[in-house]
There are 6 protein chains.
Amino acid sequence: MVPRFAGVPTFMRLPQATSPEGYDVVFTGIPYDGGTTNRSGARHGPRELRNASSLMRQVNANGIAPYEVLKVADIGDCPVNPFDVMDSLDLITRHFARIAAAKAIPVAAGGDHLVSLPILRGLAAERPVGLIHFDAHTDTADSYFGKNRYTHGTPFRRAVEEGLIDCERTLQIGLRGSLYTPRDYDYARNAGFRLILMDEATELGPDGIVQAIRARVGDGPVYISFDVDCLDPAVAPGTGTPEAGGFLTREAQRMIRGLNGLDIVGADVVEVSPPFDVGGVTSLAGATIMFELLCAIAAGRGA
Amino acid sequence: MVPRFAGVPTFMRLPQATSPEGYDVVFTGIPYDGGTTNRSGARHGPRELRNASSLMRQVNANGIAPYEVLKVADIGDCPVNPFDVMDSLDLITRHFARIAAAKAIPVAAGGDHLVSLPILRGLAAERPVGLIHFDAHTDTADSYFGKNRYTHGTPFRRAVEEGLIDCERTLQIGLRGSLYTPRDYDYARNAGFRLILMDEATELGPDGIVQAIRARVGDGPVYISFDVDCLDPAVAPGTGTPEAGGFLTREAQRMIRGLNGLDIVGADVVEVSPPFDVGGVTSLAGATIMFELLCAIAAGRGA
Amino acid sequence: MVPRFAGVPTFMRLPQATSPEGYDVVFTGIPYDGGTTNRSGARHGPRELRNASSLMRQVNANGIAPYEVLKVADIGDCPVNPFDVMDSLDLITRHFARIAAAKAIPVAAGGDHLVSLPILRGLAAERPVGLIHFDAHTDTADSYFGKNRYTHGTPFRRAVEEGLIDCERTLQIGLRGSLYTPRDYDYARNAGFRLILMDEATELGPDGIVQAIRARVGDGPVYISFDVDCLDPAVAPGTGTPEAGGFLTREAQRMIRGLNGLDIVGADVVEVSPPFDVGGVTSLAGATIMFELLCAIAAGRGA
Amino acid sequence: MVPRFAGVPTFMRLPQATSPEGYDVVFTGIPYDGGTTNRSGARHGPRELRNASSLMRQVNANGIAPYEVLKVADIGDCPVNPFDVMDSLDLITRHFARIAAAKAIPVAAGGDHLVSLPILRGLAAERPVGLIHFDAHTDTADSYFGKNRYTHGTPFRRAVEEGLIDCERTLQIGLRGSLYTPRDYDYARNAGFRLILMDEATELGPDGIVQAIRARVGDGPVYISFDVDCLDPAVAPGTGTPEAGGFLTREAQRMIRGLNGLDIVGADVVEVSPPFDVGGVTSLAGATIMFELLCAIAAGRGA
Amino acid sequence: MVPRFAGVPTFMRLPQATSPEGYDVVFTGIPYDGGTTNRSGARHGPRELRNASSLMRQVNANGIAPYEVLKVADIGDCPVNPFDVMDSLDLITRHFARIAAAKAIPVAAGGDHLVSLPILRGLAAERPVGLIHFDAHTDTADSYFGKNRYTHGTPFRRAVEEGLIDCERTLQIGLRGSLYTPRDYDYARNAGFRLILMDEATELGPDGIVQAIRARVGDGPVYISFDVDCLDPAVAPGTGTPEAGGFLTREAQRMIRGLNGLDIVGADVVEVSPPFDVGGVTSLAGATIMFELLCAIAAGRGA
Amino acid sequence: MVPRFAGVPTFMRLPQATSPEGYDVVFTGIPYDGGTTNRSGARHGPRELRNASSLMRQVNANGIAPYEVLKVADIGDCPVNPFDVMDSLDLITRHFARIAAAKAIPVAAGGDHLVSLPILRGLAAERPVGLIHFDAHTDTADSYFGKNRYTHGTPFRRAVEEGLIDCERTLQIGLRGSLYTPRDYDYARNAGFRLILMDEATELGPDGIVQAIRARVGDGPVYISFDVDCLDPAVAPGTGTPEAGGFLTREAQRMIRGLNGLDIVGADVVEVSPPFDVGGVTSLAGATIMFELLCAIAAGRGA
């Protein structure tokens, strides 16, 4: 018997597969951070998230046992082109379209937040999905450094423009951090998103936020995007754009567990940047959220 | 005058003694981590806890001045055998039996959590004691890697089997983390322990937890075991089996202070693993808890 | 266009100036830690705070846009003499007297907490000011190592003696940590300060603390001194005298934002010690507080 | 195409295999450090060596292209029992006996140095082999902490006693570090080993050492054991028993390359302890040596 | 007087300028790492090199006092576009063309090694220059990930193709590290470069290498490119593609000092990647080399 | 039996004593860094040097067994006043005068290099001693920041002025690093010191340097001062004024071993600054040198 910390590390110590065919849920990495405006390094996220995920066992603390109801595998990392944004967007879109075609639900590890756009292109090609978006930032800027429209600060504006998300069923939770202009939140608000800034988030508490989410997303399909910078930098220092004043991990866990039973079509944990991490705490937090996301999916399947 | 940060570091800058005789409370280390299932390193805990404890002054923030009512010393580290679990269990048992015989109360620094078993053998040989156990895990597994019954995941099952703890007066606080099976909590529950998982802990708050503890342990003798992994990994990254979503240090301090006046027969802070620590924050948290434990003991002696 | 993380780092990426003349607010560093009793390193604070402040954008999450109402510059670091406390006190006093003479409001980066004394000498020469003091310690000791009256543990006793602060309009918030004697808080209490220990702070919550502050300081001139050790060591490990059990960053942000509109004559963030920091989280927290202090000042000017 | 730094990390990015059958050389890890006398952590060596080995390409700087002449795979980690030395010795012995039976040459990643004993039991069961041993220590003690005969300080005395190594064809290179007694080198010398202490090693230089090795081991079968602590702690801080004054990495590379064409029956790199590493330099050094060992083996097969 | 470690950090604590006009030598940063194939982070190089350069005083250990013969300034960082390689190449080219037009000699801080291409475009537009290139890699690949011709592995092939460098007066020093194919060195060799692999470099020693350089470059104009990965990873861990077995810093210093008096038209230090650095040793090494490069330039001007 | 890494750490795991009386050699720490011009932290040197010294066994690699011929103890740390240079100088002088009066030889752990001055005052009060000084700097400046004559850059000018050292029997070895002016070495040269800059040191090699030392110091009494910054920053990053291009540890060991049999009246290892160390390598190097110094002293007593 090989100890948990040993062996070739796959996500959650799962078996490896070369195709999503035949699985209910697949873990996959997207080693791309070419959309990063400031501190890069999220390209190394999938490897360290796999590494940290060895600490995850089979059942969560609420008693949900995902492997009893779901067939799950690690299908490896998505091909990307570190030198070409457009090519990478295509490669990622195709990877997730294949997963969707196989009727598997992906739990993806970024990579920077730009990757959520091609994931949504792959998963929501046929109809827009609701979006539960945990983040310190809205990621709805139009462009950076002039005409660059595909960065980790723009994916959800593109997703709106492309009709990938259902704005009325979209929430952004944990917003904070300084802004470029007083109008930075306008696009998201005008699009119809429900914004929950940290001040409100603190007042609502995790359970109040869960209520707000459920009231808004209802029974339809939803995608969950978890930017690790929604957590406080003390909890998750290893990220590209840290912002003081975020969530504690236990609050994040409570919120994810509150999503049990929703119709989750996919999920991601992004912006884990190992070169900026200390003591692996960010990877551990990220891997834990990935496991909780799996449990939330499993809860909808009877676990 | 030698500055606090200088000189040979003893626990709390206390005088050294070679025997517990004549002291009310003794600090001692147990540099053993042979019971560790995953990341080892707690063997280095005593040294770094001594180092960090130089920051502790004489009086806690509640005004308790332990050295005015208690005679206290650092009696050095317990002998152990890094290559032999059974030998180490014996050595530790004898060390604490000597302390008990001297009528001193030990505040011990682990080492991994297995050391709590021989401590209890040394202290509770004549009658079972209540147990206030802060931890992310119940540590009541039966065995690991086949037939190994003495690991840091098993001490409290052994303690039950050996009649060392009074199950009706036992609480486990801060439980969380993924489980191997949905039945992992069954042993502790069936034994009669009161389990407080983090969800409930968050609802109760520190004061509510203190109430629950006091209601259960009453006036009888109690042992306090503080596994530093009850704290959140952001607060205490330097530990062998970190679990996202734990207590903040101020919550832990509040809880320990709530135990003032109980009949504390001994206490430990375990699972501080310096090789995995960052910036010494885990050692600082651990040393702080050791000082608060001393104050809680002192409070029962009129401080 | 130069990315935010590049270029010569000034505070908040502001233009540099050689004089405070003509500015409403000036950022300045005080690279002095000769008053440190234990772990030094705060001399490196200004540089790392500048570095981290590159992550601050133009508007805070509450929509305050300081640069629309205030003219602000980085005027560089104050001259100091690393080998001579008295000379350094004079140099710092003169630096801040010049700022006051220019009718600019300083937001200063320490250095250790002793620097608040000469800042107050420079700013409050003509009348005492109220003091809003966030700290784990009262810093009102009389002397250290015999007759040394100017250390980071004594500035506010000296400030009282010198009539620089209005004791009835002074609060100390976040006090905790072990004490040398049970009488350590007596001086501050007898002087008339309002002390808010962490236990009370936790009960009041950030909004309750803000109420207490506002009730006490009223409309008169106030100085805000923010010792980064008021934050928990998990949030701010990079400091000279860390004390377990402090504030979270979001609580600190909430409190500073609650001071909007007060008559703030100056502010500092002190005791950021980069050699003890991990992952830059302390510098990030400190830089964030500096930006929030600027916004609080701006709020009083119509932002 | 997946970038080198991404994907599930195997040794040298090699394909995984479940059996050594059909391969010329197999990489395998031994995640066991139960023989460690001081700082443990080598149990995590295999994982970080795999991680660092992603930086290794296909051909070494001398032009040796091992994959053109050898069929190579990563066969995963050897099963071990973290709580039972004797059981672990058996499990490792069987693992390597299977490799030997398959006529594959193992390049193993420790684990602490005790693992070389069961490797030799598996490989040299039928006849003793020469030993080229790079290390700061002879590892020929008799026992530790009383009667413990199987620790990382004893494997080569056991190997002599068990007839696994040909003492006349054995060298220990890089010896240094303080000793317990002036007689610590006696056993190895009396056994007939050639000892090259660092002073002599510095005089000989890498080429002189290679000559000494070749003169001694001749054409017979040899095993190469590379304890990373033969390197200087500045080069390889991540190890259990660091000793100032060791080899530079380029010297080690030169020596390994000098072994081209020998009849190498197996090799290991041991004592890489990631928890004590900084910046991954030790893992990088270790992975580089593993690749050079592969090249040395390939050189004997016509590469 | 402001201590060396304080104040806004410019290169070598030099005055800042907004234009190269009127200066003999200008320091400038290029915060771009979009050409990185593996571990990014060199975008943060300029800032940390400035930070570390505060330790550089006015005269080198050989007595060369550059500021007595040269007018030198820090002209800030070159504008770049983190999302667009071609745009960045243009921006950098123009920046250096302006410097060349001002007849100033640039000492540049990368950024990844791709930046040397646009620097050469800016400096060598009128005639090819000799190249003294310290590196573990030749950086003469044709493309990566398909058709990407502008990466940090390709600048010198592009420079040859564009006629920017005089191949007969070009050396590459410190080559080592594993290769993709046995033909990886062919392009450079065929182009006429003199390659000095580490094996030869060790035999020649720094003085022998200097002789080889001088014999080859003669009196004509030369550019010096110093990739910090020519140093050993123990000396310079903070880099994108570390390769075991490189130079010591004292060897590099000796080599640079050997270039005194050459007709140096520009120089760079590239691939310092602060997120991967430990203890700032790589930045310190890089800043030291930048200062030595300045001294080598000064030596040609009579210092 | 307590493992080496455990227990209260004294230097070399020696018994503690409260007085030097009756010992041949005493280890002692001087936790003072008030003379530091740049990065402080050497005040923490004694504690971490004690910690690292647990790895030192009883006999050095040359077979010298100091404890067989010398009675040795750890007498704890010297009292100092962190806020008062002159007071600290007096306290240290008296501490070492007491040691000298007891006819014990001190091996001291700094603290910054200023401490060598009061050590010499204590040891060389009656006659000047030869000085073997390993350092990147001459430490013979006159003053810093105006009139401050007692800093870590001035001790040996003061020692010359006070007649404490015999200039004709003084060497400074390992000098390098940039200078403030071309005349920085003049004082030392004019005083009659033998300066060995790194360039010459590299040419001489350790054995040549030993010859130069022996030729100069002869049979008279000598003091050895080892500033850890004589080592390369890769080997010893944890120091206040690191200078690229220094010695390797094995070279330093070889040089110290070459001093066997000299009439050593005392020795120090200074400028180990733990807050700037990485992975404890500097403390390990420093502790190793302290042990070698003990062995060199022992060699003169027949070991």
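Scroll up to find the structure.
To start, this report covers the structure provided alongside it. The structure presented is a predicted model; accordingly, all values stated were derived computationally and were not measured.

Some words on the packing of aromatic side chains
Residue and element names in this part refer to chain B.
Then comes step 1: This structure, assessed with the given rule, holds 24 aromatic pairs over all chains.
Then comes step 2: Look at Tyr-144 and Tyr-180: their rings are 6.4 Å apart centre to centre, the planes differ by 80°, and that puts the pair in the edge-to-face class. A residue pair is termed long-range when its members are at least 10 positions apart, and Tyr-144 in the loop between strand S4 (129-134) and helix H4 (155-161) and Tyr-180 in the loop between strand S5 (165-175) and helix H5 (186-191) qualify at 36 residues.
Then comes step 3: Taking the relative accessible area as the measure of exposure, Tyr-144 reaches 16% and is therefore buried.

As for the pattern of salt bridges
Then comes step 1: As enumerated under the stated definition, the model contains 96 salt bridges over all chains in all.
Then comes step 2: Glu-292 of chain A serves as the salt-bridge partner of Arg-257 of chain A, at 2.7 Å between the closest nitrogen and oxygen. Of this pair, Arg-257 of chain A sits in helix H7 (residues 249-257) while Glu-292 of chain A sits in helix H8 (residues 281-299), and the two are 35 residues apart along the sequence.
Then comes step 3: Classification of Arg-257 of chain A as buried rests on a relative accessible area of 15%.
Then comes step 4: A salt bridge links Arg-254 of chain D to Asp-199 of chain E; its shortest N-O distance comes to 3.1 Å. Highlighted residues: Arg-254 of chain D in helix H7 (residues 249-257) and Asp-199 of chain E in helix H6 (residues 198-217), drawn from two different chains.
Then comes step 5: We classify Arg-254 of chain D as partly exposed; its relative accessible area is 22%.
Then comes step 6: A single network of salt bridges, built from pairs that share partners, joins Asp-142, Arg-149, Arg-157, Arg-158 and Glu-161 of chain A.

Some points on the packing of helix H7 (residues 249-257) of chain B against helix H8 (residues 281-299) of chain B
Residues and elements named next belong to chain B.
Then comes step 1: Where H7 meets H8, the closest approach of the two axes is 9 Å, and the angle between their N-to-C directions is 20°. Viewed along their axes, H7 and H8 adopt a mutual orientation that is roughly parallel. As H7 packs across H8, the resulting crossing turns out to be right-handed. When H7 is examined against H8, the residues Ala-252, Gln-253, Ile-256 and Arg-257 are found in contact with a partner set consisting of Thr-288, Ile-289, Glu-292, Leu-293 and Ala-296.
Then comes step 2: The class makeup of the residues in the contact of H7 with H8 is 5 nonpolar, 2 polar and 2 charged.

Considerations on the pairing of strand S4 (residues 129-134) of chain D
Residue and element names in this part refer to chain D.
Then comes step 1: The buried fraction of S4 is high, at 6 of 6 residues.
Then comes step 2: Bridge analysis of S4 against strand S5 (residues 165-175) gives 5 bridges, and the strand direction is parallel. Bridged to Ile-132 within S5 is Leu-171.
Then comes step 3: Between the parallel elements S4 and S5, the chain passes through helix H4 (residues 155-161) in a crossover that is right-handed.

What about the relation of the copies chain F and chain C?
Then comes step 1: Overlaying chain F on chain C yields an RMSD of 0.0 Å, the required transformation being a rotation through 180° with an accompanying axial translation of 0.0 Å. Interpreted geometrically, this transformation is the action of a two-fold axis. For chain F, the minimum C-alpha distance to the rotation axis belongs to Pro-275 of chain F and amounts to 2.8 Å.
Then comes step 2: Comparing interface residues between copies, 100% of those in chain F also lie at the interface in chain C; the contact surface is shared.

Description of unusual backbone geometry
Both trends apply: most residues other than glycine have a negative phi, and most peptide bonds are in trans.
Then comes step 1: Look at the link from Gly-110 of chain C to Gly-111 of chain C: it is a cis peptide, with omega at 10°.
Then comes step 2: Looking at the element boundaries, Gly-111 of chain C is found in the loop between strand S3 (105-110) and helix H3 (116-123).
Then comes step 3: Of note, the phi angle at Asp-139 of chain F is positive, near 55°, even though the residue is not glycine.
Then comes step 4: Structurally, the position occupied by Asp-139 of chain F is in the loop between strand S4 (129-134) and helix H4 (155-161).

Topic: the interface of chain B and chain A
The figure often quoted for interface size is the accessible area lost as the parts come together.
Then comes step 1: Contacts between the two partners involve 31 residues from chain B, matched on the other side by 28 residues from chain A.
Then comes step 2: For chain B, the biggest contributors to the area lost against chain A are Phe-145, Ser-178 and Tyr-180 of chain B; these three give 24% of the whole.
Then comes step 3: Along the contact surface separating chain B from chain A lie 4 salt bridges.
Then comes step 4: A salt bridge links Arg-254 of chain A to Glu-203 of chain B; the shortest N-O distance between them is 3.5 Å.
Then comes step 5: Along the contact surface separating chain B from chain A lie 8 residue pairs in polar contact (both at pLDDT 80 or more).
Then comes step 6: Ranked by residues supplied to the side of chain B that touches chain A, first place goes to helix H6 (residues 198-217) of chain B with 4 residues.
Then comes step 7: The class makeup of the residues in the side of chain B that touches chain A is 15 nonpolar, 10 polar and 6 charged.

Brief notes about the interface of chain F and chain C
Then comes step 1: At the junction of the two partners, chain F supplies 23 residues and chain C supplies 23 residues.
Then comes step 2: Here chain F meets chain C over a buried area of about 1700 Å², counting both sides, of which 54% is carbon and sulfur.
Then comes step 3: The three residues of chain F that bury the most area against chain C are Arg-43, Phe-83 and Phe-145 of chain F, which together make up 36% of that side's buried surface.
Then comes step 4: Counting across the chain F and chain C interface gives 0 salt bridges.
Then comes step 5: Between chain F and chain C we count 5 residue pairs in polar contact (both at pLDDT 80 or more) in total.
Then comes step 6: Of the residues belonging to the side of chain F that touches chain C, the class tally is 7 nonpolar, 11 polar and 5 charged.

Structural notes on the sheet that holds strand S5 (residues 165-175) of chain F
All names here are of chain F.
Then comes step 1: In spatial order, the strands read S2-S1-S3-S8-S7-S4-S5-S6; together these 8 strands make up an open sheet with parallel pairing. Bordering the open sheet on either side are strand S2 (72-77) and strand S6 (194-197), each of which pairs with just one other strand. Taken pair by pair, the neighbouring strands of this sheet meet at an average axis angle of 15°, ignoring direction.
Then comes step 2: Summarising the sheet, S5 and S6 pair through 4 bridges and their orientation is parallel. Bridge assignment links Ile-173 to a residue of S6, and that residue is Ile-196.
Then comes step 3: With respect to the sheet, helix H2 (residues 85-101) is in contact with strand S1 (25-29), S2 and strand S3 (105-109), its orientation differing from that of S1 by roughly 170°.
Then comes step 4: Against the sheet, helix H8 (residues 281-299) makes contact with S1, S2, S3, strand S7 (221-227) and strand S8 (263-270), and its axis sits at roughly 175° relative to S8, the strand it touches most.

Details of the pairing of S3 of chain C
Residues and elements named next belong to chain C.
Then comes step 1: The element S3 is extensively covered by neighbouring structure, given that 6 of its 6 residues are classed as buried.
Then comes step 2: Across the two faces of S3 the burial is the same, with Ile-105, Val-107 and Ala-109 and Pro-106, Ala-108 and Gly-110 all buried.
Then comes step 3: Inspection of the sheet shows strand S1 (residues 25-30) paired to S3 by 6 bridges, in the parallel sense. Along S3, the bridge assignment pairs Phe-27 with Val-107.
Then comes step 4: Two strands pair when backbone bridges link them, and S3 and strand S8 (residues 263-270) are joined in this way by 3 bridges, in the parallel orientation. Bridge pairing links Ala-108 to Asp-268 in S8.

As for helix H3 (residues 116-123) of chain B
Then comes step 1: Burial within H3 of chain B is extensive, with 8 of its 8 residues counted as buried.
Then comes step 2: Turning to H3 of chain B, its buried residues are Ser-116, Leu-117, Pro-118, Ile-119, Leu-120, Arg-121, Gly-122 and Leu-123 of chain B.

So, the relation of the copies chain B and chain A
Then comes step 1: The two copies are related by a screw operation: chain B maps onto chain A through 120° of rotation and 0.0 Å of translation along the axis, at an RMSD of 0.0 Å. On this basis, the relationship between the two copies can be described by a three-fold rotation axis. Of every C-alpha in chain B, the one belonging to Ala-234 of chain B sits nearest the axis of rotation, 3.5 Å from it.
Then comes step 2: A different interface surface on each copy is seen, since only 10% of the contact residues of chain B are contact residues in chain A too.

Considerations on the sheet that holds strand S7 (residues 221-227) of chain C
Residue and element names in this part refer to chain C.
Then comes step 1: What the 8 strands build is an open sheet, ordered S2-S1-S3-S8-S7-S4-S5-S6; its pairing is parallel. The strands lining the two open edges of the sheet, one partner per strand, are strand S2 (72-77) and strand S6 (194-197). Pairwise comparison of adjacent strand axes, ignoring direction, gives a mean angle of 15° for this sheet.
Then comes step 2: H3 rests against S1, S3, strand S4 (129-134), strand S5 (165-175), S7 and S8 of the sheet, and its axis sits at about 160° to S8.

Considering the arrangement of the chains
Then comes step 1: Contact between chain C and chain D is absent, and the least distance between their C-alpha atoms amounts to 13 Å.
Then comes step 2: If you take every C-alpha in chain A and every C-alpha in chain F, the smallest gap between them is 13 Å, and the two do not touch.

Some thoughts on the environment of Ile-289 of chain D
Residue and element names in this part refer to chain D.
Then comes step 1: In this fold, Ile-289 is placed in helix H8 (residues 281-299).
Then comes step 2: A relative accessible area of 0% means that Ile-289 is categorised as buried.
Then comes step 3: Measuring from C-alpha to C-alpha, the distance between Ile-289 and Phe-226 comes to 8.3 Å, with 63 residues separating the pair along the chain.

A look at the side chain of Arg-47 of chain C
Then comes step 1: Among the structural elements, Arg-47 of chain C can be located in helix H1 (residues 45-52).
Then comes step 2: Despite its burial, Arg-47 of chain C pairs with no opposite charge; the closest candidate is Glu-48 of chain C, at 6.4 Å N-O.
Then comes step 3: If we skip the residues at most four places from it in the chain, Arg-47 of chain C touches Arg-4, Phe-5, Ala-6, Gly-7, Pro-9, Asn-51 and Ser-54 of chain E.

Cut-offs applied
Position labels on residues start from 1 in each chain and follow its written sequence. Chain A is the first chain written and ligand 1 is the first ligand written, with later ones labelled in order. Totals for whole chains, interfaces and linings use all residues, but because this is a predicted model, local features are given only for residues with pLDDT of at least 70 and pairs of side-chain atoms are given and counted only at 80 or more. Excluded from the side-chain calculations are hydrogens and water; all other atoms, namely the structure's heavy atoms, are used. Any pair of Phe, Tyr and Trp rings, taking the six-membered ring for Trp, is counted once the centres come within 6.5 Å. Such a pair is stacked with planes under 30 degrees apart, edge-to-face with planes over 60 apart, and tilted for the rest. Working definition: helices are DSSP H or I runs of at least four residues, strands are E runs of at least two. Numbering for both runs from the N terminus. A 1.4 Å probe rolled over the protein chains alone gives each residue an accessible area, and that area as a share of the maximum for its type sets the label: buried under 20%, exposed over 50%, partly exposed in between. Any carboxyl oxygen of Asp or Glu within 4 Å of a side-chain nitrogen of Lys or Arg constitutes a salt bridge here. The axes are straight lines fitted to the C-alpha atoms, using for helices just the contacting stretch, and the angles between their N-to-C directions are given from 0 to 180°. Geometric relationships in this document are graded by angle, where less than 35 degrees denotes roughly parallel, more than 145 denotes roughly antiparallel, 65 to 115 denotes roughly perpendicular, and other angles denote oblique. What makes a crossing left-handed is the near helix being turned counterclockwise from the far one by less than a right angle; a clockwise turn instead makes it right-handed. Note on contacts: a residue pair qualifies if any of its non-hydrogen atoms lie within 4.5 Å across the two residues. Only Asp, Glu, Lys and Arg are considered charged, only Ala, Val, Leu, Ile, Met, Phe, Trp, Tyr, Cys and Pro nonpolar, and every remaining residue, Gly among them, polar. What makes two strands pair is DSSP finding at least two bridges between them. With strands facing away from the observer, any crossover in which the path from the first strand over the helix to the second runs clockwise is taken as right-handed. The superposition of copies rests on a least-squares fit of C-alpha positions from residues with pLDDT of 70 or more in both. Two parts placed together each lose some accessible area under a 1.4 Å probe, and adding up what both lose gives the buried area. We define a polar contact as two N or O atoms separated by no more than 3.5 Å, with the added condition that, inside protein, one atom must be a possible hydrogen donor and the other a possible acceptor, whereas residues neighbouring each other in sequence contribute only through side-chain atom pairs. In summary, the charge assignment counts Lys and Arg as positive and Asp and Glu as negative, without counting His or the chain termini.

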